[in-house]
Amino acid sequence: GVPEVPVRPIAERRVSRRIQVGPVAVGGGAPVSVQSMTTTRTSDVGATLQQIAELTASGCEIVRVACPTQDDADALPVIARKSQIPVIADIHFQPKYVFAAIEAGCAAVRVNPGNIKQFDDKVREIAKAARDHGTPIRIGVNAGSLDRRLLQKYGRATPEALAESALWEASLFEEHDFRDIKISVKHNDPVVMVEAYRQLAAQCDYPLHLGVTEAGPAFQGTIKSAVAFGALLSQGIGDTIRVSLSAPPVEEIKVGIQILQSLGLRERRLEIVSCPSCGRAQVDVYKLAEEVTAGLEGMEVPLRVAVMGCVVNGPGEAREADLGVASGNGKGQIFVRGEVIRTVPESKIVETLIDEAMKIAEQMEKDGASG
Ligand code: SF4
């Protein structure tokens, strides 16, 4: 077979303190976790729990729910108890909901200090309640709701302003000896966002929650997030991520996981190595790649499948993968672990690949179970 090449980690992770969001460790060398936020009315307990179940199934590890009203706050105890993954209550404006979320057993509370009125007076009480319940706090600074004082000082939401705002809010908690904190400083511009996180990373050891806020529809948001997270994670910065898309939250999880896999920060599962096609292609590569991807969706074992349009790079890539096809003359040479096992007509390529993938997966699971 193919020799295993050990993959070097993309960077030494920044040393951060560790917090516990329920059973999920964040920071201190814990694996980078992927999170999202529900889009249902939190007060609609059934719909919210349904969406959380879908997110959990897609690989989401921490979920955030908005808490803008008393009805939402009232729903938190049941949601926190019944959710399969830790629930973070997202609170703007009202400290009373912070207390409600802590009492409700939420795994953490996100506060946006720029938005919480008279926050300063309440910090002592919030720190006390959070400490009593072992509930960490995320200080979530957002360019769109930056503290007025800092907006005046810097003129706009610069990286310096975002980092200073977050550190100032953290210092209010530190005054009460509370350091069970993670921080985010989100901006819709990846360049500003990356610089804000870099500055923050250099000035504190709190774990950092990465996010490009209001990143846009799926295509643009995916690229903005991938570029920004890639820049930061490749320098070891970032302990948990949330991709923000104007798309269903399950899509955010898929993108988040794919980003971590691309950076080698998470085991690669199914990976399709398909060529872009060109004037040499002798089969419909797009259709083939799409059908193979769809046919293998949800596969749990790490499997590299090469789908190549012709014989130029085809055999090489197909040989490197666990499984592959190199096409020519309306036929496909099917490779398994580097060997051509058979040649099939174009119409049979997809089903043959899926069949062989299932066999390999079964074998891998058996080997995994016995080893
Ligand atoms: Fe073109 Fe062949 Fe390369 Fe695909 S594998 S891009 S068809 S040369």
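Definitions and limits used
- Position labels on residues start from 1 in each chain and follow its written sequence.
- The predicted origin of the model limits local features to residues at a pLDDT of at least 70 and limits the giving and counting of side-chain atom pairs to 80 or more, whereas totals for whole chains, interfaces and linings rest on all residues.
- Calculated side-chain values reflect all of the structure's heavy atoms, with hydrogen atoms and water omitted.
- By this definition, two strands are paired if DSSP reports at least two bridges between them.
- Think of it this way: any DSSP run of H or I at least four residues long counts as a helix, any run of E at least two long counts as a strand, and we number them from the N terminus.
- Every axis corresponds to a line fitted to the C-alpha atoms, with the helix fit spanning only the stretch in contact, and the corresponding angles, defined between N-to-C directions, vary from 0 to 180 degrees.
- Working rule for contacts: check all heavy atoms of both residues, and any pair within 4.5 Å makes them a contact.
- Only buried Ala, Val, Leu, Ile, Met, Phe, Trp, Tyr and Cys residues count toward a nonpolar core, and they belong to the same one when joined by side-chain atoms within 4.5 Å.
- Throughout, exposure labels follow a simple rule: accessible area from a 1.4 Å probe, protein chains only, divided by the maximum for the residue type, with under 20% read as buried, over 50% as exposed, and the rest as partly exposed.

Peer 1: How do you make sense of the sheet that holds strand 11 (residues 270-274) when you look at a structure like this?
Peer 2: Pairing between the strands of a sheet comes from backbone hydrogen bonds, and it takes one of two forms, parallel or antiparallel. Strand order in the open sheet formed by 5 strands is 11-12-13-14-15, with mixed pairing between adjacent strands. In this open sheet, the two edge strands, each paired with only one partner strand, are strand 11 and strand 15 (339-345). The average undirected angle you get between the axes of adjacent strands in this sheet is 20 degrees. Where strand 13 (residues 323-328) and strand 14 (residues 331-336) come together, 6 bridges link them in antiparallel fashion. Across the sheet, valine 325 pairs through a bridge with isoleucine 334, a residue of strand 14. Against the sheet, helix 10 (residues 285-296) touches strand 11, strand 12 (303-308) and strand 13, its axis set at about 160 degrees to strand 12.

Peer 1: I tried to follow the sheet that holds strand 4 (residues 62-66) on my own but got confused; where do I start?
Peer 2: Taken in spatial order, the 8 strands of this open sheet run 8-7-6-5-4-3-10-9, and their pairing is parallel. The open sheet has two free edges, formed respectively by strand 8 (181-186) and strand 9 (209-210), since each of these has just one partner strand. With 3 bridges connecting them, strand 6 (residues 108-111) and strand 7 (residues 137-142) associate as parallel partners. Residue pairing for strand 7: valine 111 is matched across the bridge by isoleucine 139. Relative to strand 8, helix 7 (residues 190-203) is tilted by about 150 degrees, and along the sheet it contacts strand 8 and strand 9.

Peer 1: Explanation requested: the nonpolar core in the structure shown.
Peer 2: In a soluble, globular protein the nonpolar side chains are often hidden away together inside. Counting 75 residues, the largest nonpolar core has Ile137, Phe173, Ile183, Val185, Met193, Leu200 and Phe229 as the members making the most contacts within it. If you tally residues by element for this core, the top one is helix 6 (residues 159-174), at 8 residues. Residues Cys275, Val292, Met308 and Val350 belong to the second largest nonpolar core, which totals 29 residues.

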